[in-house]
Amino acid sequence: MELRAASEDLGLLERIRRGDTEGAAELFERYAPALLRFTDRMLSDRAAAEEVTQEVFVKVISRAHQYDGRAGVASWLFAIAANACRDRRRRERRASVVPLEAVAEPRARGEGIEASLMSEERRRAVREALAELSEEQREALVLARYHGMPYAEIAQTLGISVGAVKTRIFRAVEALKARFGEGEHSWTAAT
Amino acid sequence: MDCRDVTDLAVERLTGEAGADARAALAEHLAGCERCREEMAALEGVWTRLGTDPDATIRPEFRRQTLALLESEMLRQRVKRFRARPRFASPLLRAAALLLAAATGYFAAKETAIPGKAAPVVAGGARVGSKSVAPAAAAASALPDLQAEPRLSNVSYQPADKNGRVGIGFDITSRHTVVGRPDDPEVAKLLAYIVSTNAETSGEKSRAIELVSEHFSGAATANAPVSPEILAALSNTLRKDANPGVRKKAADALAGFPMTPEIRTVFLDALRSDKNPGVRLVAVDALAAAAKQAPDANTIQSLREKAADPQENGFVRAKAANALKEIAF
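All values reported here derive from a predicted model rather than from experimental measurement.

Trainee: Let's hear about the overall build of chain B: which residues, and what values?
Mentor: Along chain B, the regular secondary structure elements total 15 helices and three strands. For chain B, buried positions account for 39% of its 329 residues. Sequence-distant contacts in chain B: of pairs separated by 6 or more residues, those separated by 24 or more amount to 59%.

Below you can see the structure in the form of structure tokens.
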């Protein structure tokens, strides 16, 4: 199954190299949801996450011929996204603008106001905790927790060793445990 | 297993990295250690809590905008590929063009030396050899009648020689080749004609725009002011051409000229209504560069509108916002 997906990904890149617009659209449909989830959690800013996700696909079009097959297409896309997020945050730091306020997802149909407020509160608490982590820790943790990437693939995506991935995730989880432990009462009350 | 190893292994279990042996060893240790069970529960709590953060989903508007952006980007890439030429070809082509010019000049001079014989038109086109005597007249004699607005096909270009003369070949009913500097009125007229509407393919039109751009942009502009026909043709192309790659090329060319009220109006129109974000980005850059030198109320207003427009493409919005920061007003 994975092999077939990998071969389909390569086929899409080849179509993009040949200038096939439909190939680019298919790659978008296949990877945009995951990349948006990643950029959204990395930047904690929905509008910025959308812009960076767009940027990733534009870069893929212009760099399709540079893909050398050493990493999987998915890893390559996430690597571009991780770099784009870093650049974005660097630019924002220079401009002294650090948007941590995420745009709330539309409320699910039928969800009551109280439930919605509680889930918004939980979401905000998790986002704030993630934002407190170092960029390196957050990248590794988000890829492992929300994208189910094995350590070896995270290492390939971020260009670091498996040992470094392990350390970053370990430290991130420890930091979150300490942070969530501090607010245990409010968390219990919210749930 | 030691209690000190538990956190490490517990995290690996949560991430799915722990193998069967490690999981079994961990379970065995947890069964007999109350403190480690609490640690494991705390880590599982972190993992579960992270899962309460809902995933961002793709908005239909975001999908629509991005797919449109990707489509235009793909078109732009195609135009780029058209431009690509092997590096070694350029000197060879230049040498060939010079050789051709020298040979045609020699034969033209030889033929005109015969008393009573009419001056020939080389390859249906310009008398290159006469260029040093009457540059504009040479091109003028080469240019066929374009009053009836014939469609030009198989347009080809010879790069500029050391005197800045380019060659433009095309078919109407027969093959014509016009050689001269792009600022010679007749050559400029021909280029404007090709840029306007009358080349068969977008690639031919794109190359004509590049030629105009290379010759008239930047430092060369002071010595070779761009002709009104070319300005009008580029403006018309930016406003009306169906191909976004060609429109962007026209915008790039116009951006290389000194800003005039006419060019500003074209860019403001493009920023307001061009469907292609790549074109709008060029418009933002050009307008912002000019406004930095001489702030203009219409430009500032348009950039403000773009920076605040939630429907606008993210790149364009960000670029407009950054441009405003750099304009003193």
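Trainee: Can you explain the interface of chain B and chain A? Please cite residues and give values.
Mentor: Facing the 30 residues of chain B at the interface are 34 residues of chain A. Elements supplying a minimum of two residues to the side of chain B that touches chain A: α1 (6-14), α3 (34-50), α4 (60-83) and α15 (314-326) of chain B. The element contributing the most residues to the side of chain B that touches chain A is α4 of chain B, with 10 residues. Within the side of chain B that touches chain A, the residues separate by chemical class into 15 nonpolar, seven polar and eight charged.

Trainee: So, helix α2 (residues 21-43) of chain A: which residues are in play, and what are the values?
Mentor: Residues and elements named next belong to chain A. Between its first and last C-alpha atoms α2 spans 29 Å; for 23 residues at 1.5 Å apiece the expected length is 33 Å, and the helix comes up short by more than 12%. Tyrosine 31 marks where α2 bends most, by close to 50°; the proline proline 33 follows one to four residues later. The positive-phi residue at the C-terminal boundary of α2 is serine 44, with phi of around 55°.

Trainee: Can you break down the packing of α2 of chain A against helix α6 (residues 135-147) of chain A residue by residue, with the values?
Mentor: Residues and elements named next belong to chain A. Their axes nearest at 10 Å, the elements α2 and α6 cross at an angle of 140°. Classed by the angle they form, the pair α2 and α6 counts as oblique. Here α2 and α6 pass one another in a crossing that is right-handed. Note on element contacts: α6 touches α2 through Arg138, Glu139, Val142, Tyr146 and His147, opposite Ala34, Arg37, Phe38, Arg41 and Met42. Here the residues of the contact of α2 with α6 are counted per class, giving five nonpolar, one polar and four charged.

Trainee: Residues and numbers for the pairing of strand β2 (residues 166-171) of chain B, please.
Mentor: All names here are of chain B. With four bridges joining them, strand β1 (residues 153-158) and β2 adopt antiparallel strand pairing. Among the inter-strand pairings, tyrosine 157 is bridged to a residue of β2, identified as isoleucine 168. Sheet analysis places β2 next to strand β3 (residues 175-180), joined by six bridges and oriented antiparallel. By the bridge assignment, valine 166 is partnered in β3 with glycine 180. The hairpin turn running from β2 into β3, its antiparallel successor, is three residues long.

Trainee: Explain α15 of chain B to me, and be specific about the residues and the numbers.
Mentor: Relative to the 18 Å expected for 13 residues at 1.5 Å per residue, α15 of chain B spans 19 Å between its end C-alpha atoms, a close match to the ideal helical length. Along α15 of chain B, the positions that sit buried rather than exposed are Gly314, Val316, Arg317, Ala318, Lys319, Ala320 and Ala323 of chain B. Buried residues belonging to α15 of chain B abut α3 (46-63) of chain A together with α13 (277-293) and α14 (297-308) of chain B.

Trainee: An account of the sheet that holds β1 of chain B is needed here, citing residue identities and associated values.
Mentor: Residue and element names in this part refer to chain B. Reading across from one edge, β1-β2-β3 is the order of the three strands in this open sheet, with antiparallel pairing throughout. Single-partner strands in this sheet number two, and they are β1 and β3. The average undirected angle you get between the axes of adjacent strands in this sheet is 15°.

So, how was this worked out
- Residues numbered from 1 in each chain as written.
- Chains lettered and ligands numbered in written order.
- Predicted model: local features only at pLDDT ≥ 70, side-chain atom pairs only at ≥ 80, totals over all residues.
- Helix = DSSP H or I, 4+ residues; strand = E, 2+ residues; numbered from the N terminus.
- Buried ≥ 20, exposed ≤ 12 C-beta atoms within 10 Å, placed from the backbone.
- Contact = placed C-beta atoms within 7 Å.
- Nonpolar A, V, L, I, M, F, W, Y, C, P; charged D, E, K, R; others polar.
- Expected span 1.5 Å × (residues − 1).
- Bend = angle between axes of the 7 residues up to and from the residue.
- Axes fitted to C-alpha atoms, helices over the stretch in contact; angles between N-to-C directions.
- Parallel < 35°, antiparallel > 145°, perpendicular 65-115°, else oblique.
- Left-handed = near helix turned anticlockwise from the far one by under 90°.
- Pairing = 2+ DSSP bridges.

Honestly, it's all geometry; don't read function into it.
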